[in-house]
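Structural overview for review
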Number of protein chains: 2
Amino acid sequence: MSKLTDVPKRILIGRALRSDRLGETLLPKRVALPVFASDPLSSVAYAPGEVLLVLSIAGLSAYHFSPWIALAVVVLMFTVVASYRQNVREYPSGGGDYEVATTNLGPRAGLTVASALLVDYVLTVAVSISSGIENLGSAVPFVVENKVACAIGVIVLLTLMNLRGVKESGTFFAIPTYVFVTGVCLMIAWGAFRGIVLGDDMRAPTADFEIKPEHPGLAGFALVFLLLRAFSSGCAALTGVEAISNGVPAFRKPKSRNAATTLAMMGLLAVTMFCGIIALAAATDVRMAENPATDLVHNGVPLGAGYVQDPVISQVAEAVFGHGSLLFMVLAAATALVLFLAANTAYNGFPLLGSILAQDRYLPRQLHTRGDRLAFSNGIVLLAGAAGLLVVIYGADSTRLIQLYIVGVFVSFTLSQTGMVRHWNRLLATEKDQAKRRHMVRSRAINTFGAFFTGLVLVVVLVTKFSHGAWVALLGMCIFYATMTAIRRHYDRVAEEIAAPETPDDGTVRPSRVHSVVLISKIHRPTLRALAYARLLRSDTLEALSVNVDPAETRALREEWERRGIEVPLKVLDSPYREVTRPVIEYVKGLRKESPRDVVSVIIPEYVVGHWYEHLLHNQSALRLKGRLLFTPGVMVTSVPYQLESSEAAKRRARRRQDWSAPGSVRRGPKERSRDSSPHT
Amino acid sequence: MSKLTDVPKRILIGRALRSDRLGETLLPKRVALPVFASDPLSSVAYAPGEVLLVLSIAGLSAYHFSPWIALAVVVLMFTVVASYRQNVREYPSGGGDYEVATTNLGPRAGLTVASALLVDYVLTVAVSISSGIENLGSAVPFVVENKVACAIGVIVLLTLMNLRGVKESGTFFAIPTYVFVTGVCLMIAWGAFRGIVLGDDMRAPTADFEIKPEHPGLAGFALVFLLLRAFSSGCAALTGVEAISNGVPAFRKPKSRNAATTLAMMGLLAVTMFCGIIALAAATDVRMAENPATDLVHNGVPLGAGYVQDPVISQVAEAVFGHGSLLFMVLAAATALVLFLAANTAYNGFPLLGSILAQDRYLPRQLHTRGDRLAFSNGIVLLAGAAGLLVVIYGADSTRLIQLYIVGVFVSFTLSQTGMVRHWNRLLATEKDQAKRRHMVRSRAINTFGAFFTGLVLVVVLVTKFSHGAWVALLGMCIFYATMTAIRRHYDRVAEEIAAPETPDDGTVRPSRVHSVVLISKIHRPTLRALAYARLLRSDTLEALSVNVDPAETRALREEWERRGIEVPLKVLDSPYREVTRPVIEYVKGLRKESPRDVVSVIIPEYVVGHWYEHLLHNQSALRLKGRLLFTPGVMVTSVPYQLESSEAAKRRARRRQDWSAPGSVRRGPKERSRDSSPHT
């Protein structure tokens, strides 16, 4: 049946290339950095702008607070990076925040973290792609004029690429990320040189605009609240920092140390870029407003609905490099590309987290299988669908989408850091070595500060953004949480129901004999083979069973049976309505009623064909019968397949499907050689 | 999987009521008449109008030819009825034209007839419902103002009724049909009385209109062509006459004679009604035009696009009974109802013909099972979809749809009558008894004339209507023909491939031993049961097989295995990618390679759950493994089901589904008690 749904998929997605299994090689730091850092680094493309946007509400004068907000973000970034350096050292298995929270705070906290991260992956796709489109739009206006369509197009493209099983290579990440980082750093350096040494007056394209504040002269508590909101928006720069903690197994040895170093490098780069852009924005007089159409005024006239507000990074690049210059274009393209890569990160992380959750039975078990294509594809489609929905609802507006974004990350940060504090407490309770204790106390202090600070930010984010959209993210988390709890409860209930009794025989009657019944419609190779196999099984009784749906055919069957001298007795059931299922089921039930301790083994010859339309022409009665027999207690159902020539095609197809390897292998590290290498048998 | 698709179906269609099996009682003639004759009798509601419509092209003067055309239709009707009286006597098994053509002219002719009839069923639905809507619209203008929507509504209603398994009873047909027949006869009698005895001047609502002929003063060959076209349209009155030949088994004994008598009664009634309506239309000056908006003129002004042309039968009823009178209303309602019943006939006939074709392997075998709900439903949906498409394309305009209609019927008539001629020739070749010979010669003469006449009409229909839409019907026939040929070819190829060799062992190696392998993931009731069952089978070797996807779990499994002292050896396969399918398949292939004459029996414990969402949570790996194992030669795949508590729900559902009985049982006659009542075993 799955073949039916294969056809449209195949047309759209094409055949997966046979790619050799990835992840056999470990990542050096210089490759690990772009692989894991595209998400956090790319957020400097939108985070500075969001800060200015919020500040503009109180008017241009509030822009003076931007360095202080940048400073707060830097402090937070250092805190989070320092905290996660502890995480990667103590939990190097790749379980990340989910593992830390579950181990130290219990399954509910773990599940909360998981729900938060799942929501976050969806938002990473939506925000990164929307922002990528906006950045691309600063160079190619057409793109931003058809924002939603282009964003959906990119989502579809990424989805197809990932469904097809794109090969994720280090270079694939390295080039755009390094171009982006180099570009931004060059911009900062050149801007500083031009401004300080040459004394150039660099002016952003919006420098001449005035801001009509929505709440001019804001002061006191209201101003504090606004600054906190601006800070919350700036915190978007921190999303994705936790990704490395899921990827420790992919690093070269010493894994934890290399991961920690990479984390520090990433933090340093992010902070430099974030502050540099904020500073250049101030130096070039960038003007941003929440509602640019009404709040930005040029020569006393509002700009109107036609005005498209470019991202801060591209405005600064224009001021520094000059409008339409090559460097400006390259930076815009690299920015967009890094943002799309960041979105792609979520495509890899979502199914990976799913497989970890499946291991703990919060999601269907089959997701557990690494590289299970079907499960992986379902995850990808779910992610893309949810992200696409958000993009359409929010008009691919990164500013509106960011309101939903960081709730999940900070839920995850806070619970993970709290878990780490518990972790150290537990270790300290037994550790005697003073040197180690000192080290632990220091680590605990870092994580405690991290937990406190990220918790505070979480509260700030919730308070300042709840009504702006954070409630949507919370609702999404609740839905994931409830679904996963229900799945786990179902598995637990079933596990209880099927738990093996401790005593070998606790009163349930052990079967004593087997009646084998071979279903026969005609005499041909498949039925002869089924009969031959059935006889090998040496069950207590063996009979052939046919249903009389056509008297002439039945007569012919009987005659041939005798002519061939088949030794198995042939029993014919009457079926006035030409049904097959009902008479067989009733016969089997009758056998069971006569001798309830016995087992009935129903042996069904089946054709195996190669094309989906052939499926429609064969085995339908057998399929239905099998479906019904499964509900009949005390029955074994055996298929004896007969491979028709056409089945070769399907076999090849199945083999190809199996040779597929899931994207995202690079960041997951090499396949684990099973640690207890149990000798076979 | 089928459960997934069940949910929307169930919501829409509801649960089928448990209805006791129908068709146990045979039909007396007075019930058989309405059951079989609703289709041919209802066609008098549109056939007379079509004749006038075509004639109007040459102007009002051409109306004078209408009695002659009616006469031709009457002669044709008597010919066809007389011919089919031979058919029902000689072929009383219910196979109808398909059987006659196949037996006497070979499978290709049979398949042509079948294709023609399938197309015809689709058109019966489209034409009858469109005409029903037009008739209803003469009393309730709203209906005709929303023609397409209402027609689609009726199709949906009939489809749901038939999917749900409506109980078809004699009364259901009898009441509207007899009301309709009585109404029309009363109208003819009362009209004749008023016109001849009272000398009333009855005037149809369109009597004052003038016709602006499209081709005034048509003469010579063109006139003859037009008259032939009008005659072709009048032949729509003959559709459905062949239905009785499919229903002979439903009659009381003597079946054939009763069927022949009913056929004669039907012919007489149809002819009377057809001629009466044509005569009254002439008497009341009904004016019909092909394009009423431009071709009908009142006081020199064309009527325009707003004008709705009522059917002849309702115009006549208005003239005879008076506008808005009770009798007029009752007749309009009865006419619409009979037309909808005629459409319903196709819903019963389509799957019935499908089951006969499936018996000859032109359609998937499972359609053969009488009352197979799934197959039946697919047929119904296909029929409704095709009819709905035609209704939308042709704007529910019965006049345009009728151009497509009668091709199929006359293909069927002609081939069937030709077949009958052959039939008589064959019998005459051996028959010696002079009395019987005389009788045969007489019958042959009837069928020869029938074949000649219907063949002539077929040519006329094709020539006069090809470009008006008959090509669509021919195209449909070709598609059905090609599809059914392809299906038959596939079955033949497979049959050849799997044909049993005559000698018991023609070189194919007979299997010698069975290796049984029980798949184990954990120790619980389902696996313990599977192990217990497997041991009963006494195969040559038995081992338990587990795949190491999680080292800790595998270790626990080994420990419990030893602790419980399970005597079956446990083999663990390594699976670095946490896959299950591939290692098992490779292991099984390895076993086969070692000893190619042996058979591997893979025993899989399965959970049986009750809800579709539970399916998603269980057995996915098992399902995929089973799918792959079927492609591996030399393997038997055994499911040992373990019924979880929730499976009770699914069991009840399956039972209910099975208790369903297909509509249309009345016309198929009682279930055949299997004719060779072979003693069991």
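These numbers come from a predicted model, not from an experiment. (Residues numbered from 1 in each chain as written. Chains lettered and ligands numbered in written order. Predicted model: local features only at pLDDT ≥ 70, side-chain atom pairs only at ≥ 80, totals over all residues.)

**Considerations on the overall build of chain A**
Scanning chain A for helices and strands turns up 25 helices and eight strands. The 681 residues of chain A split such that 52% are buried. Taking contacts inside chain A between residues at least 6 apart in sequence as the whole, the part at least 24 apart equals 84%. (Helix = DSSP H or I, 4+ residues; strand = E, 2+ residues; numbered from the N terminus. Buried ≥ 20, exposed ≤ 12 C-beta atoms within 10 Å, placed from the backbone. Contact = placed C-beta atoms within 7 Å.)

**Thoughts on the interface of chain B and chain A**
Counting residues at the interface gives 81 residues for chain B, matched by 82 residues for chain A. With nine residues, the top contributor of residues to the side of chain B that touches chain A is strand 8 (residues 635–643) of chain B. Here the residues of the side of chain B that touches chain A are counted per class, giving 40 nonpolar, 20 polar and 21 charged. (Nonpolar A, V, L, I, M, F, W, Y, C, P; charged D, E, K, R; others polar.)

**Topic: the pairing of strand 5 (residues 541–548) of chain A**
All names here are of chain A. For strand 5, a buried count of six out of eight residues is recorded, marking the element as mostly surrounded by other parts of the structure. Crossover handedness for the path strand 4 (residues 514–519) to helix 19 (residues 525–536) to strand 5: right-handed. In terms of strand pairing, strand 5 meets strand 6 (residues 570–574) through five bridges, oriented parallel. Looking at the pairing, Leu545 lines up with Lys571 of strand 6. (Right-handed = clockwise from strand over helix to strand, strands pointing away. Pairing = 2+ DSSP bridges.)

**Observations regarding the sheet that holds strand 2 (residues 296–298) of chain A**
Residue and element names in this part refer to chain A. As summarised here, the arrangement of the three strands in space is 1-2-3, forming an open sheet in which the pairing is antiparallel. The open sheet is flanked by strand 1 (210–211) and strand 3 (301–302), the only strands paired with a single partner. With two bridges joining them, strand 1 and strand 2 adopt antiparallel strand pairing. Across the sheet, the residue bridging to Glu210 is Val297, located in strand 2.

**Looking at the sheet that holds strand 4 (residues 514–519) of chain B**
Taken in spatial order, the ten strands line up as 6(A)-5(A)-4(A)-7(A)-8(A)-8(B)-7(B)-4(B)-5(B)-6(B) in an open sheet, and their pairing is mixed. Every other strand in the sheet has two partners, leaving strand 6 of chain A together with strand 6 (570–574) of chain B as the edge strands with one partner each. Strand-to-strand twist of the sheet, defined as the mean angle between neighbouring strand axes without regard to direction, takes the value 30°. Judged from the five bridges that link them, strand 4 of chain B and strand 5 (residues 541–548) of chain B form a sheet pairing that is parallel. When the sheet's bridge partners are listed, Val518 of chain B is paired in strand 5 of chain B with Ala544 of chain B. (Axes fitted to C-alpha atoms, helices over the stretch in contact; angles between N-to-C directions.)

**A word on the domain arrangement of chain A**
Assigned domains within chain A: domain 1 (56–347 + 390–492) and domain 2 (514–668). Put simply, the middle of domain 1 of chain A and the middle of domain 2 of chain A, counted by C-alpha atoms, are 59 Å apart. (Domains from an automatic or database assignment.)

**Here's the deal with the packing of helix 6 (residues 107–139) of chain B against helix 18 (residues 434–498) of chain B**
Two quantities define a packed helix pair, namely the angle between the axes and the distance from one axis to the other. All names here are of chain B. Between helix 6 and helix 18, whose axes approach to 8 Å, the crossing angle comes to 125°. One way to sum up the angle between helix 6 and helix 18 is to call them oblique. Helix 6 and helix 18 meet at a crossing whose hand is right-handed. Together, Leu111, Thr112, Ser115, Ala116, Leu118, Val119 and Leu123 of helix 6 and Ala473, Gly476, Met477, Phe480, Tyr481, Met484 and Thr485 of helix 18 make up the contact between the two elements. Of the residues assigned to the contact of helix 6 with helix 18, the class counts are ten nonpolar, four polar and no charged. (Parallel < 35°, antiparallel > 145°, perpendicular 65-115°, else oblique. Left-handed = near helix turned anticlockwise from the far one by under 90°.)

**With respect to the packing of helix 3 (residues 47–55) of chain A against helix 12 (residues 255–283) of chain A**
Residues and elements named next belong to chain A. Helix 12 packs onto helix 3 with a crossing angle of 45° between their chain directions and a minimal axis gap of 9 Å. In terms of axis orientation, helix 3 runs oblique to helix 12. You can see that helix 3 and helix 12 cross each other, and the crossing is right-handed. Of the residues in helix 12, those in contact with Ala47, Pro48 and Leu52 of helix 3 are Phe274, Ile277, Ile278 and Ala281. Residue classes in the contact of helix 3 with helix 12 are distributed as seven nonpolar, no polar and no charged.

**A look at unusual backbone geometry**
Most of the time, phi is negative for any residue but glycine, and the peptide bond is trans. Residue and element names in this part refer to chain A. Of the consecutive residues Lys253 and Pro254, the connecting peptide bond is found in the cis state with omega at -5°. Here Pro254 lies in the loop between helix 11 (243–246) and helix 12. A positive phi angle, close to 50°, is found at Asn299, a residue other than glycine. Following the sequence through the fold, Asn299 ends up in the loop between strand 2 and strand 3. Under the C-beta neighbour-count criterion, Asn299 is labelled exposed, with 7 such atoms within 10 Å. Positive phi outside glycine occurs at Arg538, with the angle close to 45°.

**Let's talk about the nonpolar core**
Generally speaking, nonpolar side chains in soluble globular proteins are found buried as a group. By size, the foremost hydrophobic cluster in this structure holds 163 residues, and its most contacted members are Ile129, Phe274 and Val316 of chain A. If one sorts the elements of this core by residue count, helix 15 (residues 326–359) of chain A sits on top with 20 residues. Beyond its immediate stretch of four places on either side in the chain, Ile129 of chain A contacts Ala151, Val154, Ile155, Leu339, Phe340, Ala343 and Val391 of chain A. By size, the runner-up hydrophobic cluster in this structure holds 161 residues, among which are Ala45, Val73, Met266 and Tyr394 of chain B. (Core = buried A, V, L, I, M, F, W, Y, C linked by C-beta atoms within 7 Å.)

**Things to note about the environment of Arg489 of chain A**
Within the secondary structure layout, Arg489 of chain A lies in helix 18 (residues 434–498). Here the alpha-carbon distance between Arg489 of chain A and Arg361 of chain A, two residues 128 residues apart in the chain, equals 9.0 Å.

**Comments concerning the relation of the copies chain B and chain A**
When chain B is brought onto chain A, the operation consists of a screw motion whose angular component is 179° and whose axial shift is 0.0 Å, with 0.1 Å RMSD remaining. Here the copies are linked by what is in effect a two-fold axis. The C-alpha atom lying nearest the rotation axis in chain B is that of Thr638 of chain B; the distance is 2.0 Å. Most of the interface of chain B is mirrored in chain A: 100% of its interface residues are interface residues there too. (Least-squares fit on C-alpha atoms with pLDDT ≥ 70 in both.)

**A few points about helix 2 (residues 29–42) of chain B**
Residues and elements named next belong to chain B. Between the first and last C-alpha of helix 2 there are 18 Å, a value that for 14 residues agrees with the 20 Å anticipated at 1.5 Å per step. Along helix 2, the largest kink reaches about 50° and is centred on Phe36; proline Pro40 follows within four residues of it. With respect to burial, helix 2 is a largely interior element, twelve of its 14 residues being buried. If you check which residues of helix 2 are buried, you get Val31, Ala32, Leu33, Pro34, Val35, Phe36, Ala37, Ser38, Asp39, Pro40, Leu41 and Ser42. (Expected span 1.5 Å × (residues − 1). Bend = angle between axes of the 7 residues up to and from the residue.)

**Here we look at the confidence of the model for chain A**
All names here are of chain A. When pLDDT is averaged across chain A, the result is 84; 89% of the residues are at 70 or more. Per-element mean pLDDT across chain A ranges from 44 in helix 1 (residues 2–13) up to 93 in helix 6 (residues 107–139). This stretch, residues 671–681, has a pLDDT under 50; its non-local contacts, to residues over four places away or in other chains, come to 19 contacts. Two numbers describe this predicted complex: its pTM, 0.70, and its ipTM, 0.72. (pLDDT = per-residue confidence, 0-100.)

**Here we look at the environment of Thr261 of chain A**
All names here are of chain A. With respect to the helices and strands, the residue Thr261 is situated in helix 12. When the 17 C-beta atoms within 10 Å are taken as the criterion, Thr261 is described as partly exposed. Taking the C-alpha atoms as reference points, Thr261 and Gly153, separated by 108 residues in sequence, lie 37 Å from one another.

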